[in-house]
Amino acid sequence: KPAKPECIDFDVCTLCRDVAESIGRDPSWAESTFELELSCAVRIHADPMQMRRVLWNLVRNALEASPVGESVKIEVVQQSELRRVVVSVRDHGSGIPAEIRGSIFEPFRTTKQGGTGLGLSISHRIVEAHGGYFEVESAPGEGTTMRIVLDGAHVSS
């Protein structure tokens, strides 16, 4: 169970770059590329270690789902008028089958060989503990976009 968030203000774009660079240095992902669409600085009020864990999990899932040579897109959008920040991770995989889309955040639910089925469940709990939620967009053969939406108090001014 994730610990209670220890929130501070930090730049989520820098966190996204750091995660992409860290994963990119792993030899098992040597052929992977990232498409980053990040503003100069988008500050959120959250636990940076917990948000790193969530982003790390989403990016690794996206890399595992994508065919070799396809990039994973990481995007941060600040919707100032709504006091909302959206962090998206998009893959070019086969998509999430419609029959399991509603249960992907349940513990021990996995379609991966050797997977534990805990990554998305833990990530979901972390995001909810920050007052946020996930949006999932997926189409067969077209890939999946996982969006973390943070509203209100967790968006720095």
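Structure: above.
The structure reproduced in this document is the subject of the present report. Here the structure is a predicted model, which means the values were calculated and not measured.

1. Some remarks on the overall build of the protein chain
Looking only at helices and strands, the protein chain features four helices and seven strands. For the protein chain, the N- to C-terminal ordering of α and β elements is β-α-β-β-α-β-β-α-α-β-β. Across the 157 residues that make up the protein chain, the buried fraction comes to 41%. Summarising the internal contacts of the protein chain: among those between residues at least 6 apart in sequence, 72% fall at separations of at least 24.

2. A short note on the packing of aromatic side chains
The geometry of an aromatic ring pair comes down to the distance between the two centres and the angle between the two planes. Taken as a whole, this structure holds one aromatic pair when the rule is applied. Consider the rings of F105 and F134, whose centres lie 4.9 Å apart with planes at 35 degrees: the pair is tilted. With F105 in the loop between α3 (98-101) and α4 (119-129) and F134 in strand β6 (residues 133-139), this residue pair connects regions lying 29 residues apart in the sequence. The exposure class of F134 is buried, given its relative accessible area of 12%.

3. Remarks on helix α1 (residues 12-24)
An α-helical segment advances 3.6 residues per turn. Residues three or four places apart therefore align on the same side. Spanning 13 residues, α1 covers 18 Å between terminal C-alpha atoms, matching the ideal 18 Å at 1.5 Å per step. All of the buried residues in α1 are V12, C13, L15, C16, V19, A20, S22 and I23. Considering only its buried residues, α1 is in contact with β1 (8-11), β2 (33-37), β3 (43-46), α2 (48-65), β4 (71-79) and β5 (84-90). A side-chain oxygen of the first residue of α1 lies 2.9 Å from the backbone nitrogen of C13; this N-cap is D11.

4. Regarding unusual backbone geometry
Residues other than glycine seldom take positive phi values, yet R83 does so here, at roughly 50 degrees. A residue is classified by how much of its surface remains accessible, and R83, at 38% relative accessible area, is partly exposed.

5. Structural notes on the environment of I148
Mapped onto the fold, I148 is located in strand β7 (residues 143-151). Since its relative accessible area comes to 2%, I148 is described here as buried. Between the alpha carbons of I148 and F134 there is a distance of 4.8 Å; along the sequence they are 14 residues apart. In this view, I148 contacts M51, V54, L58, V85, V86, V87, V127, Y133 and F134; residues no more than four positions away in its chain are not counted.

6. Details of the packing of α2 against α4
Relative to each other, α2 and α4 sit at 145 degrees, their axes nearing to 9 Å. As for how α2 packs across α4, the hand of that crossing is left-handed. When α2 is examined against α4, the residues Q50, M51, R53, V54, N57, L58 and N61 are found in contact with a partner set consisting of G119, L120, I122, S123, I126 and V127. Class assignment for the residues of the contact of α2 with α4 results in seven nonpolar, five polar and one charged.

7. Structural notes on the nonpolar core
In terms of nonpolar packing, the biggest core is built from 38 residues, with V76 and I148 touching the most fellow members. Elements that contribute at least two residues to this core include exactly α1, β3, α2, β4, β5, α4 and β7.

Definitions and limits used
Residues numbered from 1 in each chain as written. Predicted model: local features only at pLDDT ≥ 70, side-chain atom pairs only at ≥ 80, totals over all residues. Heavy atoms only, no water. Helix = DSSP H or I, 4+ residues; strand = E, 2+ residues; numbered from the N terminus. Buried < 20%, exposed > 50% of the residue type's maximum accessible area, 1.4 Å probe, protein only. Contact = heavy atoms within 4.5 Å. Phe/Tyr/Trp six-rings, centres within 6.5 Å; stacked < 30°, edge-to-face > 60°. Expected span 1.5 Å × (residues − 1). Polar contact = N/O pair within 3.5 Å; in protein donor to acceptor, adjacent residues only side chain to side chain. Axes fitted to C-alpha atoms, helices over the stretch in contact; angles between N-to-C directions. Left-handed = near helix turned anticlockwise from the far one by under 90°. Nonpolar A, V, L, I, M, F, W, Y, C, P; charged D, E, K, R; others polar. Core = buried A, V, L, I, M, F, W, Y, C linked by side-chain atoms within 4.5 Å.

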